[in-house]
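Analysis of the macromolecular model
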Amino acid sequence: MSVTILVGSQWGDEGKGKIVDLLSSNYQVVARYQGGANAGHTVEFDDKKYILHLIPSGILRPDVVCAIGNGVVIDPVALMNEIELLSKSNIDVHGRLFISQNAHLIMPYHKLLDSLSESTGKKIGTTGRGIGPSYIDKVSRKGIRIVDLLDRKVFEAKLRANIEEKNIILKKVYDHSELNVNEIVEQYLEFDRKIDPFIKDIPLLLAQAVKDGKSILLEGAQGALLDVDHGTYPFVTSSNPTVGGACTGTGLPPNKITDIMGIVKAYTTRVGEGPFPTELLDEDGEKLRKIGSEFGATTGRPRRCGWFDAFLLNYSALINGYNSVAITKLDVLDEFDKIKVCVAYEINGKRFKSFPTDVERLSLVTPVYVTLDGWNCSTKNITSYNDLPSKTKDFLSFISREIDTPVSIVSVGPKRHQTFFVN
Ligand code: GDP
Ligand code: IMO
Ligand code: MG
């Protein structure tokens, strides 16, 4: 039995969906613990491609039970669309997808406030899915939760109070027209019936699974450097993708966790604003984007690309305690003569002892690189570590040493079968 937390180790889009799908053949339960439909987790097999936003990637394995924890913010419209899309691919979620009663809802005014804040205030480059405003309401104790949908009177009263308050903000802060309370109440009351069959006591479900000796995979969204506490604040998301978020976001206690795995892209990408020390604004950056198809799975935005940052990964390992890492997208480096790895940051020749999480300093650092030889051949069809070219092994050993963490999985393509375990 194992209870594994799977954390995105960089700025998101590391290939979490693919690795969750791969591992979930050995797990009975997969649970999402934070974020919302800002996530885009891609899984490819049998010539089909699925992009999951809210539903755990384990749903593609018919025997896996999936849970959406209290730490996730749920847009009922996005959820229903996703359920519908899956059913069109003959994937039935009924009886094996469960949602925490304590998860907060994303309402239309959250999406509106997200876009207004982006267009008038400091731009973060959000996904526009209403994530920040929904978590603001949660923390300010005004949020509406899944459980509220079950009682029409409670739901309507909370919704009315929220919309009345938002209307004042919309008018006074953004000079925006008011929202029609009745319209939203009518539209959202409909979800009580639709969501009802999915609602479950998730801490109890997980505790029972542990008791029964089942294995549980906790699927993080986003990445460690987008964490609201440990990331590159304020250019972060509004939740905790880091390891602690898995416990608070599901109700599974820390002493039940047996394993923590970091998902690590063989280079670095970032979507949205914020400092990115190893970003490449040259031909190499363009080449990474092109070969790696680095375009957002949720918004389609081109991802910013850069070299692997081992200094950042060290910090990520420090706050998450990875027992091992899965290296993804190794094949994207196949055609590079030279591959750079950042091993330190400096400003005016002075090296940093620890990762600067304040954007003021992080924007000024100069990355210190070690240059490795590329392997200049395709790794896409390789199925075991031993068969990798020696220079590829050198690259993997180098980053494993730099981040002081063993590599347990290597991914050499988007498909399920393009992956192997390292013993
Ligand atoms: P996530 O948000 O962490 O689940 O990652 P995304 O799905 O947003 O982005 C990862 C992208 O890389 C997806 O298009 C995957 O299909 C693709 N991918 C995953 N692993 C590999 C790999 O090893 N090689 C290549 N070339 N693509 C990969
Ligand atoms: P997955 O799970 C990459 C980024 C946005 C923006 C910041 C805040 O697919 O790895 P938000 O909408 O969350 O308020 O935006 O976070 N961001 C992601 N970047 N992958 C993601 O998810 C992301 N989810 C949010 O681009 O910079
Ligand atoms: Mg993604």
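Now for a quick tour of the structure. These figures come from a predicted structure and were not determined experimentally.

Turning our eyes to something else, we now look at the overall build of the protein. Helix and strand content of the protein: 13 helices and 20 strands. Taking 2.2 N^0.38 as the reference for a compact globule, 423 residues should give roughly 22 Å; the C-alpha atoms of the protein span a radius of gyration of 22 Å, in line with that estimate. With the C-alpha coordinates aligned to their principal axes, the bounding extent of the protein is approximately 65 × 50 × 40 Å. With 423 residues in all, the protein has 58% of them scored as buried. Residue pairs at least 24 apart in sequence account for 76% of intrachain contacts in the protein once pairs closer than 6 positions are excluded. For the protein, the accessible surface area stands at approximately 17,900 Å², while carbon and sulfur atoms represent 49% of it. Both charge centroids of the protein, one from 50 positive and one from 52 negative side chains, sit 2 Å from each other.

Looking at the magnesium ion (ligand 3), the protein donor atoms are Asp13 (OD) and Gly40 (O), and they sit 2.0 to 2.2 Å from it. Of the two residues, Asp13 is situated in the loop between β1 (3-8) and α1 (16-23) and Gly40 in the loop between β2 (29-32) and β3 (41-45); the sequence distance between them amounts to 27 residues. A relative accessible area of 22% places Asp13 in the partly exposed class.

Lining the immediate surroundings of ligand 1 are 19 residues, of which Lys16, Thr42, Lys329, Asp331 and Ser411 lie closest. At 3.0 Å from an oxygen atom of ligand 1 is found a side-chain nitrogen or oxygen belonging to Arg303. With respect to ligand 1, the side chain of Asp331 contributes an N or O atom lying 2.7 Å from a nitrogen atom. In the complex, the protein chains occlude 93% of the 580 Å² of accessible area that ligand 1 would expose alone. Elements with a contribution of two residues or more to the shell around ligand 1: α1 and β3. Split into classes, the residues belonging to the shell around ligand 1 amount to 4 nonpolar, 7 polar and 8 charged. Three or more residues apiece are contributed to the shell around ligand 1 by two domains, here domain 1 (3-100 + 199-260) and domain 3 (262-421).

Ile202, Leu205, Leu206, Ala209 and Val210 are the residues of helix α8 (residues 202-211) that are buried. The arc enclosing the buried residues of α8, seen along the axis, measures out at 135°, which places them on a common side. In this structure, α8 carries Leu204 and Lys211 as exposed residues pointing more than 90 degrees from its buried face. In this structure, the buried residues of α8 make contact with β1, β2, β5 (65-68), β7 (97-100), β9 (199-200) and β10 (216-219). With a side-chain oxygen lying 3.2 Å from the backbone nitrogen of Leu204, the N-terminal cap of α8 falls on Asp201. Residue Gly213 follows α8 closely and has a positive phi angle near 75°.

Next up on the list: the sheet that holds β1. Ordered in space as β9-β7-β5-β2-β10-β1-β11-β15-β19-β20, the 10 strands form an open sheet in which the pairing is mixed. In this open sheet, the two strands that pair with only one neighbour each are β9 and β20 (419-421). Bridge count between β1 and β10: 4 bridges; the pairing is parallel. Opposite Val3, over in β10, you have Ile216 as the bridge partner.

Turning our attention to the packing of helix α3 (residues 108-120) against helix α5 (residues 152-172). At a minimum axis distance of 11 Å, the contact between α3 and α5 shows a crossing angle of 20°. One finds that α3 runs roughly parallel with respect to α5. In this structure, α3 meets α5 at a crossing whose hand is left-handed. Residues Tyr109, Leu112, Leu113 and Leu116 of α3 touch α5, and the partners they reach there are Leu159, Asn162, Ile163, Lys166, Ile169 and Leu170. Of the residues belonging to the contact of α3 with α5, the class tally is 8 nonpolar, 1 polar and 1 charged.

Quick look at the packing of aromatic side chains now. With the rule as written, the count across this model stands at 8 aromatic pairs. A centroid spacing of 5.3 Å and a plane angle of 55° characterise the contact between Trp11 and Phe276, whose relative ring orientation is tilted. With Trp11 in the loop between β1 and α1 and Phe276 in the loop between β12 (268-270) and α10 (283-291), this residue pair connects regions lying 265 residues apart in the sequence. For Trp11, a relative accessible area of 3% corresponds to the buried category.

Here we take up the environment of Gly321. Within the fold, Gly321 resides in the loop between α11 (310-320) and β15 (324-328). Taking C-alpha positions, Gly321 is 25 Å from Asn38, a pair spaced 283 residues apart along the chain.

Taken together, 20 residues lie around ligand 2, and Lys16, His41, Thr127, Gln222 and Thr237 are the ones closest in. Asn38 places a polar side-chain atom, nitrogen or oxygen, 2.9 Å from an oxygen atom of ligand 2. The separation between an oxygen atom of ligand 2 and a polar main-chain atom of Gly40 is 2.9 Å.

In terms of nonpolar packing, the biggest core is built from 72 residues, with Leu218, Leu330, Leu333, Val341, Tyr345 and Phe395 touching the most fellow members. Residues lining this core come from more than one domain, with at least three contributed by each of domain 1 (3-100 + 199-260) and domain 3 (262-421). Ranked by size, the runner-up nonpolar core spans 59 residues in total, among them Tyr27, Val30, Leu113 and Leu179.

Any two packed helices are characterised by the angle at which their axes cross and by the distance between the axes. One can describe the packing of α5 onto helix α6 (residues 181-189) by two numbers: an axis separation of 10 Å at closest approach and a directional angle of 140°. As summarised for this structure, α5 and α6 are arranged oblique, according to the angle between their axes. Remark: the crossing between α5 and α6 carries right-handed chirality. When α5 is examined against α6, the residues Arg152, Phe155, Glu156, Leu159, Arg160, Ile163 and Asn167 are found in contact with a partner set consisting of Val181, Asn182, Ile184, Val185, Tyr188 and Leu189.

Here Leu116 is to be found in helix α3. The exposure class of Leu116 is buried, given its relative accessible area of 12%. Linking Leu116 and Ser239, residues 123 residues apart in sequence, is a C-alpha distance of 20 Å.

About the cut-offs
Residues numbered from 1 in each chain as written. Chains lettered and ligands numbered in written order. Predicted model: local features only at pLDDT ≥ 70, side-chain atom pairs only at ≥ 80, totals over all residues. Heavy atoms only, no water. Helix = DSSP H or I, 4+ residues; strand = E, 2+ residues; numbered from the N terminus. Rg over C-alpha atoms; globule rule 2.2 N^0.38 Å. Buried < 20%, exposed > 50% of the residue type's maximum accessible area, 1.4 Å probe, protein only. Contact = heavy atoms within 4.5 Å. Areas by Shrake-Rupley, 256 points an atom, 1.4 Å probe, with all protein chains shown as cover. Lys, Arg positive; Asp, Glu negative; His and termini not counted. Charge placed at Lys NZ, Arg CZ, Asp CG, Glu CD. Donors = N, O, S within 2.8 Å, 3.2 Å for Na, K, Ca; no water. Near = heavy atom within 4 Å. Polar contact = N/O pair within 3.5 Å; in protein donor to acceptor, adjacent residues only side chain to side chain. Nonpolar A, V, L, I, M, F, W, Y, C, P; charged D, E, K, R; others polar. Domains from an automatic or database assignment. Arc of directions from axis to C-beta. Pairing = 2+ DSSP bridges. Axes fitted to C-alpha atoms, helices over the stretch in contact; angles between N-to-C directions. Parallel < 35°, antiparallel > 145°, perpendicular 65-115°, else oblique. Left-handed = near helix turned anticlockwise from the far one by under 90°. Phe/Tyr/Trp six-rings, centres within 6.5 Å; stacked < 30°, edge-to-face > 60°. Core = buried A, V, L, I, M, F, W, Y, C linked by side-chain atoms within 4.5 Å.

Geometric descriptors of this kind do not, in isolation, establish any biological role.
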